[in-house]
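Geometric and topological summary
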Amino acid sequence: MNKVSDVYFSRIKLGLALIVSAGVFWLCLWVAMSGGPKAALCGGFAALVIAFAMLYFARYLLDNRILSVGASELEFHGMASTRRLKLDHIALMRVETQTINFFTTRYLVIEPHQRYGRNIKFAATLLEGRFGGCDGVADLIANGAPQPDPEPFPLPRRAPAPPSAAPAGWHERGAQPSAPPAAPARAGGFGRKGL
């Protein structure tokens, strides 16, 4: 990919999510150990789910880049691997809303054509505000990363000046001094002074 626009998760949001999920994890363990068999089963399962979420937050705290969008392709940086997908291979993008335990989360879902693998899905809640959430990231993907402006024509350059016309201090930059100019000839020739 030549020109790339990177989409990042917010490290502040990831850190807060990690702290909250660590607290909930210990609470679930306490419920699992202090209750009966039913509490142990529910608390143990919840602790397992929270432990996976903590792993997710910790992974993206180390490298918070989630997407790299180029002019013709994108890279999705997943939990364990990076997946590359050409923009032509995307069949559909949609914003999905899910409500779990009174918490509503918006997800950006990228669906490739059938033979190009499974869907890419990530939560807008954790995104930095740079592109404006799911809709802004979807627009970025739909349009591709902007290409840089072509370089302007270079200005014509003057031919380098010869060393004798070099400015003061030129010898400090590695040039060799030229032979000193010859002393001017004296008028009068040989003989006694004043003749």
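Structure: see above.
The sections below set out a description of the structure shown in this document. Being a predicted model, the structure only gives us computed values, none of them experimental.

To continue, consider helix α1 (residues 11-34). Helix length check: α1 (24 residues) gives 35 Å between terminal C-alpha atoms against 34 Å at 1.5 Å per residue, within 8%. Every buried residue of α1 is listed here: L14, G15, A17, S21, F25, C28 and A32. Buried residues along α1 sit against α2 (37-62).

Once that is clear, we can look at helix α3 (residues 133-143). For α3, the full list of buried residues reads C134, G136, V137, A138, L140 and I141. Residues of α3 that are buried sit in contact with β1 (5-8), β2 (65-69), β3 (73-77), β5 (90-100), β6 (103-112) and β7 (120-123). One or two steps after α3, the chain reaches G144, where phi turns positive at roughly 75°.

What follows concerns the nonpolar core. Grouped together as the largest cluster of nonpolar side chains are 26 residues, with contacts concentrated most on I66, L67, F122 and I141. Secondary-structure elements contributing two or more residues to this core are α1, α2, β2, β3, β6, β7 and α3. Element by element, the count of residues in this core is highest for α3, at 5 residues.

A word on the pattern of salt bridges. Evaluated as defined, the whole model comprises 7 salt bridges. We note a salt bridge from R84 to E75, for which the minimum N-O separation is 2.3 Å. By relative accessible area, R84 is classed as exposed at 52%. Owing to a relative accessible area of 13%, E75 belongs among the buried residues under this scheme. For E96, the salt bridge is made with K121, and the minimal N-O distance between the two is 3.0 Å. A residue pair is termed long-range when its members are at least 10 positions apart, and E96 in strand β5 and K121 in strand β7 qualify at 25 residues. Salt bridges linked by common partners bring E73, E75, R84 and K86 together as one network.

By definition, the strands of a sheet pair up through backbone hydrogen bonds, in either a parallel or an antiparallel sense. The antiparallel open sheet is built from 3 strands, whose spatial order is β5-β6-β7. Of all the strands in the sheet, the pair left with one neighbour each is β5 and β7. Across the sheet, the mean angle from the axis of one strand to that of its neighbour is 20°, orientation sign disregarded. Across 10 bridges, β5 lies against β6 in antiparallel orientation. The residue bridging T99 from the neighbouring strand is T104, located in β6.

Definitions and limits used
- Residues numbered from 1 in each chain as written.
- Predicted model: local features only at pLDDT ≥ 70, side-chain atom pairs only at ≥ 80, totals over all residues.
- Heavy atoms only, no water.
- Helix = DSSP H or I, 4+ residues; strand = E, 2+ residues; numbered from the N terminus.
- Expected span 1.5 Å × (residues − 1).
- Buried < 20%, exposed > 50% of the residue type's maximum accessible area, 1.4 Å probe, protein only.
- Contact = heavy atoms within 4.5 Å.
- Core = buried A, V, L, I, M, F, W, Y, C linked by side-chain atoms within 4.5 Å.
- Salt bridge = Lys/Arg side-chain N within 4 Å of Asp/Glu carboxyl O.
- Pairing = 2+ DSSP bridges.
- Axes fitted to C-alpha atoms, helices over the stretch in contact; angles between N-to-C directions.

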